[in-house]
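# Notes for the structure review
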Amino acid sequence: QVQLVESGGGLVAAGGSLRLSCAASSSIFVINAMGWYRQAPGKQRELVATITTGGSTNYADSVKGRFTISRDNAKNTVYLQMNSLKPEDTAVYYCNADLYLYSTFKGGYWGQGTQVTVSS
């Protein structure tokens, strides 16, 4: 019923850049806000950035000025441009999409995650 297909993770040296993509599709639900979260080993999953269909964005303080979230509403695709990467950005990055049915929030749906590793 819902698919989130993530891509773009990998290994990069500190100071480098990566771009993550997440394409969402559903035959039943309307996809509203989307976002990226990350989870490093031994740590809780944390918000990285979110974006509404109207383009309003929210960032974690740790990534402000380095990461940019954007989306293509026609494709239900969200992007995360990550610049000036640091070793502490190393984590599994998860895409999340808010699902609505008849204007009622039905919950968030998670992608499978993509590994980002930043070497020092």
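See the structure printed just above.
Let me sum up the structure you'll find in this document. The shown structure was predicted, so the numbers you read here are calculated from the model rather than taken from an experiment. (Residues numbered from 1 in each chain as written. Predicted model: local features only at pLDDT ≥ 70, side-chain atom pairs only at ≥ 80, totals over all residues. Heavy atoms only, no water.)

### So, the overall build of the chain
- A tally of helices and strands in the chain yields zero helices and eleven strands.
- The helix and strand sequence of the chain, counted from the amino end, reads β-β-β-β-β-β-β-β-β-β-β.
- Considered along the principal axes of its C-alpha atoms, the chain spans approximately 50 × 25 × 20 Å.
- Across the 120 residues in the chain, those meeting the buried criterion constitute 41%.
- Accessible surface, the chain: about 6300 Å² in total, of which carbon and sulfur atoms supply 48%.
- The positive charge centre, built from 10 side chains, and the negative charge centre, built from 7, are 2 Å apart in the chain. (Helix = DSSP H or I, 4+ residues; strand = E, 2+ residues; numbered from the N terminus. Buried < 20%, exposed > 50% of the residue type's maximum accessible area, 1.4 Å probe, protein only. Areas by Shrake-Rupley, 256 points an atom, 1.4 Å probe, with all protein chains shown as cover. Lys, Arg positive; Asp, Glu negative; His and termini not counted. Charge placed at Lys NZ, Arg CZ, Asp CG, Glu CD.)

### Regarding the pattern of salt bridges
- In the structure shown here, the tally under the stated rule is four salt bridges.
- Taking the shortest distance from any N to any O, the salt bridge between Arg 38 and Asp 89 comes out at 2.9 Å. Remark: Asp 89 occurs in the loop between strand 8 (77-82) and strand 9 (91-101) and Arg 38 occurs in strand 4 (residues 30-39); sequence separation between them is 51 residues.
- Across the pair Lys 64 and Asp 61 runs a salt bridge whose closest N-O atoms are separated by 3.1 Å.
- Among the charged side chains, a salt-bridge network with shared partners connects Arg 38, Glu 46, Arg 66 and Asp 89. (Salt bridge = Lys/Arg side-chain N within 4 Å of Asp/Glu carboxyl O.)

### Some thoughts on the sheet that holds strand 8
- The sheet built from four strands is open, its strands ordered 1-3-8-7 with antiparallel pairing. This sheet does not close on itself; its edge strands, each paired only once, are strand 1 (2-7) and strand 7 (67-72). Within the sheet, the average angular offset between the axes of one strand and its neighbour, ignoring direction, is 15 degrees.
- Here strand 3 (residues 18-26) runs beside strand 8; their pairing, made up of six bridges, is antiparallel. Looking at the pairing, Arg 19 lines up with Gln 81 of strand 8. (Pairing = 2+ DSSP bridges. Axes fitted to C-alpha atoms, helices over the stretch in contact; angles between N-to-C directions.)

### Things to note about the packing of aromatic side chains
- According to the stated counting rule, one finds three aromatic pairs in the structure shown.
- When the ring of Tyr 37 is compared with that of Trp 110, the centres are 5.0 Å apart and the planes differ by 75 degrees; the resulting orientation is edge-to-face. Residue Tyr 37 is found in strand 4, and its partner Trp 110 is found in strand 10 (residues 104-110); the two are separated by 73 residues along the sequence.
- A relative accessible area of 36% places Trp 110 in the partly exposed class. (Phe/Tyr/Trp six-rings, centres within 6.5 Å; stacked < 30°, edge-to-face > 60°.)

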